Amino acid sequence: MTGRRGRTLATSVFLHLAALVVFLLMAFPLYGLLLTSLQPESVIRSRELSFVPESLYFDHFRAVLADGHIVPLREGLLNSALVSTLTAVLCLVVALPAAYALSRLRVPGAKGILAALVSVYFLPTTIFLIPMFVVLVRWGIDDTVFSLVIAYSGFVLPFVIWILKTFIDRLPREVEEAARIDGCSHWQVLTRIVLPMARPGVLAAFIFAFILSWVEFLTPLIFTSNLKMATVALGMFRSTIDIQVGQQAAAAVLTLLPVALLMLVFQRLITQVLMAGADR
């Protein structure tokens, strides 16, 4: 027993040390980015930069949020918030009935459909972007919020369907069967029974769809040419040779802030949904 306890303790210590190393490797670049955004440009470009600054300098944040800055951060934040929210809502509206059908109904070739949805992420993004861009230009809706929402949804939707299906698979069927005995249709069962029980999965799917849309760079690069339509990920890369490093770091911090807050607030929920998919 003593030997077994010793091995268990050694394993626990090793796992905690490994987790600490991974955390430090991931946290160090983020801390460096935050530190750069809070130091004067003269300190950033000198050898006086310290890992524990004596004072904090917020002028970089004020500069990047000012009107007419080379990095259109304010416009990008608003555009990204609008496009990401609309994309997440559209994906949920389409994905929830699809996930319910794949989970509960006898859909011919359901496994093949799921495999086809997952296969999207094994192919280069440009294979889909160029044909979509040609079609949207022909329809005359390129360089609009609507075009970005359509393009984002095409890539986010398969992942949202997978999340919702794995969550619905774990819901008890007895309540649904009782509702059908009482005369409820499939749509009534979905909206009145499944949807209330699947709220954690729906919320997690919304968060994932929002984050994936928020960080997307290649799609707005191809689909937009008007600076007013630039998302925050695209606006971050619009700079000149003499742009200040501190301002670029401040813009990056503001860009990461919404995603970081979502992950911190809903960390337990996101982990629960991901583990539900891993158990399948």
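None of the values given here were measured: they were computed from a predicted structure.

Definitions and cut-offs
- All residue numbers here refer to positions counted from 1 along the written sequence of the relevant chain.
- Confidence filtering applies because this is a predicted model: local features only for residues at pLDDT of at least 70, side-chain atom pairs given and counted only at 80 or more, and all residues used for totals across whole chains, interfaces and linings.
- Only hydrogens and water are removed before side-chain values are computed, so all heavy atoms of the structure are retained for them.
- Secondary structure counts use DSSP, requiring at least four H or I residues in a row for a helix and at least two E residues in a row for a strand, with both numbered from the N terminus.
- Radius of gyration here uses only the C-alpha atoms, and the compact-globule reference equals 2.2 Å multiplied by the residue count raised to the power 0.38.
- Only protein chains enter the accessibility calculation, which uses a 1.4 Å probe. A residue is then buried if its area is under 20% of the maximum for its type, exposed if over 50%, and partly exposed in between.
- Only heavy atoms enter the contact rule, under which two residues are in contact if any of them lie within 4.5 Å.
- Each accessible area is a Shrake-Rupley result for a 1.4 Å probe, and residues are judged covered by the shown protein chains and nothing else.
- As a per-residue quantity, pLDDT reports the predictor's confidence and falls between 0 and 100.
- For helices, the fitted line uses only the C-alpha atoms of the stretch in contact; every axis is such a line through C-alpha atoms, and the angle between N-to-C directions lies from 0 to 180 degrees.
- Angle categories are assigned with fixed cut-offs, so that under 35 degrees is roughly parallel, over 145 is roughly antiparallel, 65 to 115 is roughly perpendicular, and the rest are oblique.
- Here a crossing is called left-handed whenever its near helix is offset anticlockwise from the far helix by less than a right angle, and right-handed whenever the offset is clockwise.
- Multiplying 1.5 Å by the residue count of a helix minus one yields the expected span of that helix.
- One fitted axis covers the seven residues ending at a residue, a second covers the seven starting there, and the bend at that residue is the angle between these axes.
- For this classification, the nonpolar set comprises Ala, Val, Leu, Ile, Met, Phe, Trp, Tyr, Cys and Pro, the charged set comprises Asp, Glu, Lys and Arg, and every other residue, Gly included, is treated as polar.

A.B. asks: If you had to explain the overall build of the protein to someone new, which residues and values would you point to?
C.D. replies: Each helix and strand in the protein was counted, giving 14 helices and zero strands. Counting helices and strands in the order they occur from the N terminus, the protein gives α-α-α-α-α-α-α-α-α-α-α-α-α-α. Against the 2.2 N^0.38 benchmark of 19 Å for 280 residues, the protein shows a C-alpha radius of gyration of 23 Å, more extended than a compact globule. Structurally, the protein occupies a C-alpha span of about 75 × 75 × 30 Å along its principal axes. Within the protein, the proportion of its 280 residues that are buried is 36%. Considering only contacts in the protein between residues 6 or more positions apart, those separated by 24 or more positions represent 76%. Split by element, the accessible area of the protein, about 16,800 Å² in all, is 69% carbon and sulfur.

A.B. asks: Explain the confidence of the model for the protein to me, using residue names and the numbers behind them.
C.D. replies: Looking at the protein, the pLDDT average stands at 83 and 92% of residues meet or exceed 70. Within the protein, no element has a lower average pLDDT than helix α14 (residues 267-278), which sits at 68, and none a higher one than helix α4 (residues 73-104), at 91.

A.B. asks: An account of the packing of helix α6 (residues 126-139) against helix α7 (residues 145-169) is requested, with residue identities and associated values reported.
C.D. replies: Packing of α6 against α7 brings their axes to within 11 Å, and their N-to-C directions diverge by 150°. Relative to α7, the element α6 is oriented roughly antiparallel. When you trace α6 past α7, the crossing you get is right-handed. Here Phe128, Leu129, Met132 and Leu136 of α6 lie close against α7, whose contacting residues are Ser147, Ile150, Ala151 and Phe155.

A.B. asks: Please set out α4 residue by residue, giving values where relevant.
C.D. replies: With 32 residues, α4 extends 45 Å between its outermost C-alpha atoms, agreeing within 8% with the 46 Å of an ideal straight helix rising 1.5 Å per residue. Where α4 bends most, at Ala95, the angle is about 30°, and the proline Pro97 comes one to four residues later.

A.B. asks: Provide a residue-level description of the packing of α4 against helix α10 (residues 199-214), including the pertinent values.
C.D. replies: Taken N-terminus to C-terminus, the directions of α4 and α10 make an angle of 140°; their axes are 8 Å apart at the nearest point. Taken together, the axes of α4 and α10 are oblique relative to one another. Of the two elements, α4 crosses α10, and the hand of that crossing is right-handed. Contacts from Leu77, Ser80, Ala81, Ser84, Thr85, Thr87, Ala88, Val89, Leu92 and Leu96 of α4 reach α10 at Val202, Ala205, Phe206, Ala209, Phe210, Ser213 and Trp214. Among the residues forming the contact of α4 with α10, the class breakdown is twelve nonpolar, five polar and no charged.

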